[in-house]
Amino acid sequence: MIVGVPRETAAGETRVALTPDAAKRLAGKGVTVRVEAGAGTAAGYPDAAYQNAGCEVTDRAQALAGDIVLAVQAPAQPETVREGAVLIGAFAPLTNPGLVRAFAQRKLTTFSLELLPRITRAQSMDILSSMSTVAGYKAVLIAAAASGKFFPMLVTAAGTIAPSRVFVLGAGVAGLQAIATARRLGAIVEAFDVRPAVKEQVESLGAKFVAADTSDLTAEGEGGYAKEMSEEQHRRELELIHGRLKDTDVVIATALIPGKPAPRLITAAMVRDMKPGSVIVDLAAEMGGNCELTEKGKDVVHHGVTIIGRTNLPATTPHDASQMYARNLTAFLGLLIGKEGQLTLNFEDEIIAGTCITHDGGIPHARVTQLVEGGAA
Ligand code: NAD
(Lines give C-alpha, C1' and ligand atoms only; values in the text may rest on other atoms or scores of the structure.)
Protein backbone atom coordinates (compact mmCIF):
# COMPACT_ATOMS: atom_id res chain seq x y z
CA MET A 1 0.00 0.00 0.00
CA ILE A 2 1.38 3.39 -1.01
CA VAL A 3 0.19 6.59 0.64
CA GLY A 4 1.08 9.75 -1.30
CA VAL A 5 1.33 13.27 0.12
CA PRO A 6 1.51 16.01 -2.55
CA ARG A 7 2.48 19.60 -1.78
CA GLU A 8 -0.57 21.81 -1.30
CA THR A 9 -1.27 24.09 -4.25
CA ALA A 10 -4.11 26.36 -3.03
CA ALA A 11 -3.14 30.03 -2.62
CA GLY A 12 -1.96 30.80 0.92
CA GLU A 13 -2.10 27.16 2.03
CA THR A 14 0.91 26.34 4.21
CA ARG A 15 -0.28 23.18 5.94
CA VAL A 16 0.70 19.64 4.99
CA ALA A 17 -1.66 16.67 5.28
CA LEU A 18 0.85 14.32 6.95
CA THR A 19 3.65 15.18 9.38
CA PRO A 20 6.79 13.04 9.76
CA ASP A 21 5.58 11.85 13.16
CA ALA A 22 2.24 10.69 11.72
CA ALA A 23 4.03 9.13 8.73
CA LYS A 24 6.16 7.05 11.08
CA ARG A 25 3.03 5.54 12.61
CA LEU A 26 1.77 4.57 9.15
CA ALA A 27 5.10 3.03 8.22
CA GLY A 28 4.68 0.78 11.27
CA LYS A 29 1.56 -0.64 9.58
CA GLY A 30 3.47 -1.77 6.51
CA VAL A 31 2.54 1.29 4.45
CA THR A 32 5.02 3.07 2.14
CA VAL A 33 4.68 6.86 2.39
CA ARG A 34 5.73 9.00 -0.58
CA VAL A 35 5.96 12.72 0.13
CA GLU A 36 6.44 15.30 -2.62
CA ALA A 37 9.69 17.21 -2.07
CA GLY A 38 8.98 20.44 -0.20
CA ALA A 39 5.46 19.39 0.88
CA GLY A 40 6.11 20.15 4.56
CA THR A 41 8.58 23.02 4.21
CA ALA A 42 6.11 25.87 4.82
CA ALA A 43 4.85 24.10 7.95
CA GLY A 44 8.35 23.58 9.35
CA TYR A 45 8.70 19.92 8.35
CA PRO A 46 11.73 19.65 6.03
CA ASP A 47 12.25 16.80 3.57
CA ALA A 48 14.99 15.36 5.81
CA ALA A 49 12.49 14.92 8.65
CA TYR A 50 10.30 12.79 6.37
CA GLN A 51 13.31 10.77 5.24
CA ASN A 52 14.28 10.17 8.89
CA ALA A 53 10.73 8.98 9.51
CA GLY A 54 11.14 6.34 6.79
CA CYS A 55 9.27 8.16 3.98
CA GLU A 56 10.34 8.35 0.34
CA VAL A 57 10.72 11.96 -0.79
CA THR A 58 9.63 11.98 -4.45
CA ASP A 59 8.45 14.20 -7.29
CA ARG A 60 4.81 15.28 -7.52
CA ALA A 61 3.75 12.64 -10.03
CA GLN A 62 4.91 9.81 -7.76
CA ALA A 63 3.14 11.28 -4.72
CA LEU A 64 -0.08 11.59 -6.75
CA ALA A 65 0.29 7.98 -7.93
CA GLY A 66 -0.32 6.56 -4.43
CA ASP A 67 -3.14 4.11 -3.69
CA ILE A 68 -4.26 6.68 -1.12
CA VAL A 69 -3.52 10.39 -1.59
CA LEU A 70 -3.71 12.69 1.45
CA ALA A 71 -4.47 16.39 1.03
CA VAL A 72 -5.54 19.43 2.99
CA GLN A 73 -7.33 21.23 0.14
CA ALA A 74 -8.13 19.91 -3.33
CA PRO A 75 -5.12 19.33 -5.61
CA ALA A 76 -5.01 21.95 -8.40
CA GLN A 77 -5.61 19.37 -11.14
CA PRO A 78 -7.68 16.42 -9.89
CA GLU A 79 -6.98 14.62 -13.17
CA THR A 80 -3.34 14.25 -12.07
CA VAL A 81 -4.32 12.01 -9.14
CA ARG A 82 -4.02 8.33 -10.07
CA GLU A 83 -7.29 7.10 -11.59
CA GLY A 84 -9.26 5.07 -9.07
CA ALA A 85 -7.17 6.19 -6.09
CA VAL A 86 -8.55 7.06 -2.64
CA LEU A 87 -8.30 10.81 -1.99
CA ILE A 88 -8.77 12.19 1.53
CA GLY A 89 -8.95 15.85 2.57
CA ALA A 90 -11.30 18.78 3.18
CA PHE A 91 -12.88 19.71 -0.15
CA ALA A 92 -15.94 21.79 0.81
CA PRO A 93 -18.12 19.58 -1.45
CA LEU A 94 -21.33 21.40 -0.55
CA THR A 95 -20.06 24.59 -2.17
CA ASN A 96 -17.89 22.99 -4.89
CA PRO A 97 -20.04 20.84 -7.20
CA GLY A 98 -17.64 21.26 -10.15
CA LEU A 99 -14.82 19.76 -8.11
CA VAL A 100 -17.00 16.84 -7.01
CA ARG A 101 -17.80 16.10 -10.67
CA ALA A 102 -14.07 16.17 -11.53
CA PHE A 103 -13.34 13.68 -8.71
CA ALA A 104 -16.12 11.39 -9.97
CA GLN A 105 -14.88 11.58 -13.58
CA ARG A 106 -11.44 10.48 -12.37
CA LYS A 107 -13.16 7.56 -10.58
CA LEU A 108 -11.60 8.61 -7.29
CA THR A 109 -12.94 7.33 -3.99
CA THR A 110 -12.98 10.69 -2.24
CA PHE A 111 -13.51 11.29 1.46
CA SER A 112 -14.18 14.87 2.58
CA LEU A 113 -13.68 14.98 6.30
CA GLU A 114 -15.73 18.11 7.05
CA LEU A 115 -18.73 15.82 6.55
CA LEU A 116 -17.67 13.55 9.42
CA PRO A 117 -20.63 12.68 11.68
CA ARG A 118 -19.98 14.24 15.08
CA ILE A 119 -20.25 11.02 17.03
CA THR A 120 -17.97 9.97 19.88
CA ARG A 121 -16.16 7.33 17.76
CA ALA A 122 -15.23 10.01 15.22
CA GLN A 123 -13.84 12.53 17.70
CA SER A 124 -10.20 11.64 17.02
CA MET A 125 -10.81 12.28 13.28
CA ASP A 126 -12.69 15.57 13.69
CA ILE A 127 -10.78 18.05 11.52
CA LEU A 128 -13.44 20.72 12.03
CA SER A 129 -12.83 20.73 15.78
CA SER A 130 -9.06 20.74 15.31
CA MET A 131 -9.05 23.59 12.82
CA SER A 132 -11.66 25.59 14.81
CA THR A 133 -9.39 25.28 17.83
CA VAL A 134 -6.52 26.80 15.84
CA ALA A 135 -8.75 29.55 14.39
CA GLY A 136 -10.23 30.52 17.77
CA TYR A 137 -6.77 30.81 19.31
CA LYS A 138 -5.32 32.76 16.39
CA ALA A 139 -8.30 35.14 16.16
CA VAL A 140 -7.54 36.41 19.65
CA LEU A 141 -3.85 36.93 18.88
CA ILE A 142 -4.78 38.85 15.71
CA ALA A 143 -7.22 40.98 17.70
CA ALA A 144 -4.63 41.67 20.39
CA ALA A 145 -2.11 42.74 17.75
CA ALA A 146 -4.63 45.02 16.00
CA SER A 147 -5.93 46.61 19.22
CA GLY A 148 -4.36 49.74 20.64
CA LYS A 149 -4.97 48.41 24.15
CA PHE A 150 -3.37 45.86 26.46
CA PHE A 151 -5.44 42.74 27.16
CA PRO A 152 -4.41 42.37 30.85
CA MET A 153 -4.81 44.90 33.64
CA LEU A 154 -1.42 46.46 34.32
CA VAL A 155 -0.43 48.23 37.51
CA THR A 156 2.62 50.32 36.70
CA ALA A 157 4.48 53.34 38.03
CA ALA A 158 2.84 55.21 35.15
CA GLY A 159 -0.59 54.34 36.45
CA THR A 160 -3.06 51.50 36.20
CA ILE A 161 -4.22 50.26 32.82
CA ALA A 162 -7.70 48.74 32.68
CA PRO A 163 -7.98 45.30 31.05
CA SER A 164 -9.58 44.88 27.61
CA ARG A 165 -13.16 43.71 27.40
CA VAL A 166 -13.63 40.89 24.90
CA PHE A 167 -17.04 39.72 23.67
CA VAL A 168 -17.19 36.30 21.99
CA LEU A 169 -20.22 35.61 19.79
CA GLY A 170 -20.88 31.91 19.34
CA ALA A 171 -19.33 29.54 21.88
CA GLY A 172 -18.74 26.41 19.79
CA VAL A 173 -15.27 24.93 19.43
CA ALA A 174 -13.66 28.14 18.02
CA GLY A 175 -15.51 30.42 20.44
CA LEU A 176 -14.52 28.40 23.51
CA GLN A 177 -10.87 28.41 22.41
CA ALA A 178 -11.10 32.17 21.84
CA ILE A 179 -12.49 32.61 25.37
CA ALA A 180 -9.70 30.50 26.87
CA THR A 181 -7.01 32.40 24.93
CA ALA A 182 -8.39 35.85 25.78
CA ARG A 183 -8.62 34.85 29.46
CA ARG A 184 -5.00 33.65 29.39
CA LEU A 185 -4.03 37.07 28.09
CA GLY A 186 -5.86 38.64 31.04
CA ALA A 187 -8.91 40.15 29.34
CA ILE A 188 -12.38 40.34 30.86
CA VAL A 189 -14.44 38.04 28.65
CA GLU A 190 -18.16 37.75 27.96
CA ALA A 191 -19.83 35.38 25.53
CA PHE A 192 -23.21 34.66 23.99
CA ASP A 193 -24.59 31.63 22.17
CA VAL A 194 -28.07 30.52 21.24
CA ARG A 195 -27.41 27.07 22.66
CA PRO A 196 -28.07 27.34 26.41
CA ALA A 197 -25.99 24.21 27.07
CA VAL A 198 -22.76 26.16 26.54
CA LYS A 199 -23.38 28.55 29.47
CA GLU A 200 -21.63 26.19 31.88
CA GLN A 201 -18.66 25.71 29.51
CA VAL A 202 -18.31 29.48 29.09
CA GLU A 203 -18.36 29.99 32.84
CA SER A 204 -15.89 27.17 33.48
CA LEU A 205 -13.38 29.11 31.36
CA GLY A 206 -13.74 32.17 33.57
CA ALA A 207 -15.99 34.17 31.23
CA LYS A 208 -19.46 35.59 31.81
CA PHE A 209 -22.37 34.22 29.80
CA VAL A 210 -24.47 37.15 28.64
CA ALA A 211 -28.01 36.28 29.61
CA ALA A 212 -31.12 37.46 27.80
CA ASP A 213 -33.97 39.08 29.80
CA THR A 214 -36.19 36.25 28.68
CA SER A 215 -35.11 32.67 28.41
CA ASP A 216 -36.40 31.98 24.88
CA LEU A 217 -33.40 33.43 23.06
CA THR A 218 -32.35 29.91 22.15
CA ALA A 219 -32.24 28.10 18.82
CA GLU A 220 -30.95 24.57 19.08
CA GLY A 221 -31.41 22.26 16.10
CA GLU A 222 -30.35 18.74 15.17
CA GLY A 223 -27.17 17.13 16.43
CA GLY A 224 -26.47 19.82 19.05
CA TYR A 225 -26.01 22.51 16.37
CA ALA A 226 -27.68 25.92 16.23
CA LYS A 227 -30.60 26.60 13.87
CA GLU A 228 -31.89 29.86 12.44
CA MET A 229 -33.90 32.05 14.82
CA SER A 230 -37.34 33.53 14.23
CA GLU A 231 -37.40 37.19 13.11
CA GLU A 232 -38.54 38.31 16.55
CA GLN A 233 -35.81 36.30 18.31
CA HIS A 234 -33.22 37.71 15.90
CA ARG A 235 -34.37 41.28 16.60
CA ARG A 236 -34.03 40.70 20.34
CA GLU A 237 -30.63 39.06 19.93
CA LEU A 238 -29.39 42.12 18.03
CA GLU A 239 -30.67 44.33 20.86
CA LEU A 240 -28.83 42.22 23.42
CA ILE A 241 -25.58 42.34 21.43
CA HIS A 242 -25.94 46.06 20.69
CA GLY A 243 -26.19 46.73 24.43
CA ARG A 244 -22.94 44.87 25.10
CA LEU A 245 -20.91 46.29 22.17
CA LYS A 246 -20.77 49.81 23.58
CA ASP A 247 -18.46 48.62 26.39
CA THR A 248 -16.48 46.16 24.28
CA ASP A 249 -12.91 46.58 22.99
CA VAL A 250 -12.68 43.35 21.00
CA VAL A 251 -15.32 41.12 19.41
CA ILE A 252 -14.49 37.59 18.26
CA ALA A 253 -17.43 36.53 16.09
CA THR A 254 -17.71 32.78 15.45
CA ALA A 255 -21.46 32.15 15.02
CA LEU A 256 -22.34 29.63 12.31
CA ILE A 257 -25.31 27.51 11.33
CA PRO A 258 -24.43 24.36 9.36
CA GLY A 259 -25.34 24.65 5.66
CA LYS A 260 -26.61 28.26 5.95
CA PRO A 261 -25.09 31.71 5.53
CA ALA A 262 -23.61 33.02 8.79
CA PRO A 263 -26.18 34.80 11.00
CA ARG A 264 -25.93 38.61 10.82
CA LEU A 265 -25.36 39.70 14.39
CA ILE A 266 -23.57 43.07 14.11
CA THR A 267 -25.10 45.75 11.87
CA ALA A 268 -23.34 48.84 10.49
CA ALA A 269 -25.32 50.97 12.97
CA MET A 270 -24.03 48.84 15.86
CA VAL A 271 -20.43 49.29 14.65
CA ARG A 272 -21.00 53.06 14.61
CA ASP A 273 -21.86 52.88 18.32
CA MET A 274 -18.66 51.02 19.24
CA LYS A 275 -15.64 52.80 20.71
CA PRO A 276 -13.12 53.98 18.10
CA GLY A 277 -10.09 51.71 18.19
CA SER A 278 -12.21 48.61 18.83
CA VAL A 279 -11.55 45.45 16.83
CA ILE A 280 -13.87 42.82 15.39
CA VAL A 281 -12.35 39.55 14.17
CA ASP A 282 -15.04 37.85 12.09
CA LEU A 283 -14.29 34.13 11.87
CA ALA A 284 -17.57 33.70 9.99
CA ALA A 285 -16.20 35.77 7.05
CA GLU A 286 -15.98 32.70 4.79
CA MET A 287 -19.75 32.15 5.22
CA GLY A 288 -20.73 35.80 4.68
CA GLY A 289 -19.70 37.20 8.07
CA ASN A 290 -21.46 37.85 11.39
CA CYS A 291 -20.84 41.58 10.87
CA GLU A 292 -22.55 43.46 8.06
CA LEU A 293 -19.34 45.37 7.26
CA THR A 294 -17.01 42.37 7.08
CA GLU A 295 -15.19 41.89 3.79
CA LYS A 296 -13.95 38.34 3.22
CA GLY A 297 -10.17 38.15 3.19
CA LYS A 298 -9.68 41.80 4.13
CA ASP A 299 -9.08 44.12 7.09
CA VAL A 300 -11.31 47.22 6.84
CA VAL A 301 -11.89 50.20 9.13
CA HIS A 302 -15.34 51.76 9.61
CA HIS A 303 -16.07 54.50 12.15
CA GLY A 304 -12.64 53.85 13.69
CA VAL A 305 -13.43 50.14 14.24
CA THR A 306 -11.12 47.60 12.57
CA ILE A 307 -13.06 44.67 11.11
CA ILE A 308 -10.91 41.68 10.21
CA GLY A 309 -12.32 39.16 7.74
CA ARG A 310 -9.23 37.02 7.15
CA THR A 311 -9.88 33.43 6.19
CA ASN A 312 -8.00 30.14 6.61
CA LEU A 313 -6.43 31.09 9.96
CA PRO A 314 -5.19 27.50 10.49
CA ALA A 315 -2.72 28.15 7.62
CA THR A 316 -1.19 30.92 9.77
CA THR A 317 -0.28 28.36 12.46
CA PRO A 318 0.77 25.62 10.03
CA HIS A 319 3.11 23.56 12.22
CA ASP A 320 0.64 22.65 14.93
CA ALA A 321 -2.39 22.84 12.64
CA SER A 322 -0.71 20.22 10.39
CA GLN A 323 0.08 18.05 13.38
CA MET A 324 -3.55 18.06 14.51
CA TYR A 325 -4.82 17.53 10.96
CA ALA A 326 -2.38 14.66 10.36
CA ARG A 327 -3.45 12.93 13.58
CA ASN A 328 -7.10 13.25 12.52
CA LEU A 329 -6.23 11.78 9.12
CA THR A 330 -4.27 8.85 10.52
CA ALA A 331 -7.15 8.05 12.87
CA PHE A 332 -9.46 8.02 9.82
CA LEU A 333 -6.97 5.85 7.89
CA GLY A 334 -7.30 3.34 10.73
CA LEU A 335 -10.76 2.59 9.31
CA LEU A 336 -9.46 2.11 5.76
CA ILE A 337 -6.25 0.14 6.20
CA GLY A 338 -6.54 -3.42 7.43
CA LYS A 339 -4.08 -5.38 9.60
CA GLU A 340 -2.13 -6.64 6.56
CA GLY A 341 -1.87 -3.13 5.14
CA GLN A 342 -4.73 -3.77 2.65
CA LEU A 343 -7.44 -1.25 1.70
CA THR A 344 -10.85 -1.97 3.22
CA LEU A 345 -13.91 0.09 2.31
CA ASN A 346 -16.82 -0.74 4.59
CA PHE A 347 -19.71 1.41 3.42
CA GLU A 348 -21.84 0.02 6.25
CA ASP A 349 -19.76 2.16 8.61
CA GLU A 350 -21.52 5.50 9.11
CA ILE A 351 -18.19 7.34 9.24
CA ILE A 352 -17.16 5.93 5.84
CA ALA A 353 -20.59 6.42 4.29
CA GLY A 354 -21.00 9.90 5.80
CA THR A 355 -17.73 11.25 4.37
CA CYS A 356 -17.52 9.50 0.96
CA ILE A 357 -18.44 11.98 -1.77
CA THR A 358 -17.34 10.04 -4.89
CA HIS A 359 -16.80 6.33 -5.58
CA ASP A 360 -16.61 4.26 -8.75
CA GLY A 361 -17.53 7.21 -10.97
CA GLY A 362 -20.64 8.06 -8.91
CA ILE A 363 -21.63 10.33 -6.03
CA PRO A 364 -22.92 8.14 -3.19
CA HIS A 365 -23.59 11.04 -0.75
CA ALA A 366 -27.24 12.18 -0.81
CA ARG A 367 -26.64 15.85 0.13
CA VAL A 368 -23.75 16.21 -2.31
CA THR A 369 -25.69 14.46 -5.13
CA GLN A 370 -28.58 16.86 -4.59
CA LEU A 371 -26.24 19.80 -4.97
CA VAL A 372 -24.39 18.47 -8.01
CA GLU A 373 -27.65 17.45 -9.76
CA GLY A 374 -29.05 20.88 -8.89
CA GLY A 375 -26.84 22.03 -11.75
CA ALA A 376 -24.66 24.46 -9.76
CA ALA A 377 -21.35 25.30 -11.46
P1 NAD B 1 -20.40 25.86 14.57
O2 NAD B 1 -19.06 26.20 14.04
O3 NAD B 1 -21.42 25.28 13.64
O4 NAD B 1 -21.05 27.20 15.20
C5 NAD B 1 -20.34 27.99 16.11
C6 NAD B 1 -21.25 28.43 17.24
O7 NAD B 1 -22.14 29.47 16.78
C8 NAD B 1 -22.16 27.34 17.81
O9 NAD B 1 -21.89 27.20 19.18
C10 NAD B 1 -23.57 27.87 17.55
O11 NAD B 1 -24.48 27.51 18.57
C12 NAD B 1 -23.32 29.37 17.53
N13 NAD B 1 -24.39 30.17 16.90
C14 NAD B 1 -25.10 29.91 15.78
N15 NAD B 1 -26.00 30.91 15.57
C16 NAD B 1 -25.84 31.83 16.55
C17 NAD B 1 -26.46 33.06 16.86
N18 NAD B 1 -27.46 33.54 16.12
N19 NAD B 1 -26.03 33.73 17.95
C20 NAD B 1 -25.03 33.23 18.73
N21 NAD B 1 -24.41 32.07 18.50
C22 NAD B 1 -24.81 31.36 17.42
O23 NAD B 1 -20.29 24.93 15.84
P24 NAD B 1 -19.11 23.93 16.28
O25 NAD B 1 -18.06 24.70 16.95
O26 NAD B 1 -18.74 23.11 15.11
O27 NAD B 1 -19.82 23.03 17.37
C28 NAD B 1 -21.21 22.86 17.40
C29 NAD B 1 -21.64 21.71 18.30
O30 NAD B 1 -21.04 20.48 17.93
C31 NAD B 1 -21.30 21.89 19.75
O32 NAD B 1 -22.41 21.41 20.49
C33 NAD B 1 -20.15 21.00 19.98
O34 NAD B 1 -20.03 20.63 21.33
C35 NAD B 1 -20.53 19.86 19.12
N36 NAD B 1 -19.39 19.05 18.78
C37 NAD B 1 -19.49 17.69 18.99
C38 NAD B 1 -18.41 16.88 18.70
C39 NAD B 1 -18.47 15.40 18.93
O40 NAD B 1 -17.66 14.69 18.45
N41 NAD B 1 -19.44 14.90 19.65
C42 NAD B 1 -17.25 17.41 18.18
C43 NAD B 1 -17.19 18.80 17.95
C44 NAD B 1 -18.29 19.59 18.24
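Residues numbered from 1 in each chain as written. Predicted model: local features only at pLDDT ≥ 70, side-chain atom pairs only at ≥ 80, totals over all residues. Heavy atoms only, no water.

## Observations concerning the overall build of the protein
No. 1: Within the protein, the secondary structure is distributed over 12 helices and 16 strands.
No. 2: Looking at the protein as a whole, 49% of its 377 residues are labelled buried.
No. 3: Carbon together with sulfur atoms contributes 52% to the accessible area of the protein, which is approximately 16,600 Å² in total.
No. 4: Charged side chains in the protein number 36 positive and 40 negative. The centres of these two groups are separated by 4 Å. (Helix = DSSP H or I, 4+ residues; strand = E, 2+ residues; numbered from the N terminus. Buried < 20%, exposed > 50% of the residue type's maximum accessible area, 1.4 Å probe, protein only. Areas by Shrake-Rupley, 256 points an atom, 1.4 Å probe, with all protein chains shown as cover. Lys, Arg positive; Asp, Glu negative; His and termini not counted. Charge placed at Lys NZ, Arg CZ, Asp CG, Glu CD.)

## Re the site of the ligand
No. 1: The local shell around the ligand holds 22 residues, among which Arg 118, Val 173, Asp 193, Arg 195 and Glu 237 are the closest.
No. 2: A distance of 3.5 Å is found between an oxygen atom of the ligand and a side-chain nitrogen or oxygen belonging to Gln 123.
No. 3: Within the backbone of Leu 256, one N or O atom sits 3.3 Å away from an oxygen atom of the ligand.
No. 4: Computed on the free molecule, the ligand has an accessible area of 840 Å², of which 84% lies beneath the protein chains in the complex. (Near = heavy atom within 4 Å. Polar contact = N/O pair within 3.5 Å; in protein donor to acceptor, adjacent residues only side chain to side chain.)

## Some remarks on helix α8 (residues 231-245)
No. 1: The end-to-end C-alpha distance of α8, which contains 15 residues, comes to 21 Å, matching closely the 21 Å that a straight helix rising 1.5 Å per residue would cover.
No. 2: Those residues of α8 not exposed but buried are Gln 233, Arg 236, Glu 237, Leu 238, Leu 240, Ile 241 and Leu 245.
No. 3: The inward-facing, buried residues of α8 contact β9 (165-169), β10 (188-192), β12 (250-253) and α9 (268-272). (Expected span 1.5 Å × (residues − 1). Contact = heavy atoms within 4.5 Å.)

## A word on empty space enclosed by the protein
No. 1: According to the stated counting rule, one finds 1 cavity of 30 Å³ or more in the structure shown.
No. 2: Taken as a whole, the largest cavity encloses approximately 40 Å³ of empty space.
No. 3: In terms of lining, the largest cavity is formed by Arg 165, Val 166, Phe 167, Ile 188, Glu 190, Arg 244, Asp 247 and Thr 248.
No. 4: Where the lining of the largest cavity is concerned, the elements lending two or more residues are β9 and β10.
No. 5: Considering each element in turn, the lining of the largest cavity owes the most residues, 3 residues, to β9.
No. 6: For the lining of the largest cavity, the residue count by class is 3 nonpolar, 1 polar and 4 charged. (1 Å grid on protein atoms, 1.4 Å probe; cavity = no way out; pocket = protein on both sides within 12 Å on 5 of 7 lines; lining within 4 Å. Points joined across faces, edges and corners; volume = space filled by probe spheres on them. Nonpolar A, V, L, I, M, F, W, Y, C, P; charged D, E, K, R; others polar.)

## Quick word on the packing of aromatic side chains
No. 1: Considering all chains together, one arrives at 3 aromatic pairs under this definition.
No. 2: Aromatic pair Phe 91 and Phe 103: ring centres 5.2 Å apart, planes at 65°, arrangement edge-to-face. Taken as a pair, Phe 91 in the loop between β5 (86-89) and α4 (97-105) and Phe 103 in helix α4 lie far apart in primary sequence, 12 residues in all.
No. 3: By relative accessible area, Phe 91 is classed as buried at 3%. (Phe/Tyr/Trp six-rings, centres within 6.5 Å; stacked < 30°, edge-to-face > 60°.)

## Observations concerning the packing of helix α1 (residues 20-27) against helix α10 (residues 318-336)
No. 1: With their axes 9 Å apart at the nearest point, α1 and α10 run at an angle of 15° to one another. Here α10 runs roughly parallel to α1, going by the angle between their axes. The handedness of the crossing between α1 and α10 comes out as right-handed. Across from Asp 21, Ala 22, Arg 25 and Leu 26 in α1, the residues of α10 making contact are Ala 326, Arg 327, Thr 330 and Leu 333.
No. 2: Of the residues that constitute the contact of α1 with α10, the class distribution is 4 nonpolar, 1 polar and 3 charged. (Axes fitted to C-alpha atoms, helices over the stretch in contact; angles between N-to-C directions. Parallel < 35°, antiparallel > 145°, perpendicular 65-115°, else oblique. Left-handed = near helix turned anticlockwise from the far one by under 90°.)

## Some words on the pairing of β5
No. 1: Here β5 shows a buried face lined by Val 86 and Ile 88 and a second buried face lined by Leu 87 and Gly 89.
No. 2: Examined bridge by bridge, strand β4 (residues 68-70) and β5 share 3 bridges and lie parallel to one another. Its bridge partner being in β5, Val 69 is matched across the sheet by Leu 87.
No. 3: Inspection of the sheet shows β5 paired to strand β6 (residues 109-112) by 4 bridges, in the parallel sense. Pairing of Leu 87 across the sheet is with Thr 110, part of β6.
No. 4: In this fold, β5 hands off to α4, which returns the chain to β6; that crossover is right-handed. (Pairing = 2+ DSSP bridges. Right-handed = clockwise from strand over helix to strand, strands pointing away.)

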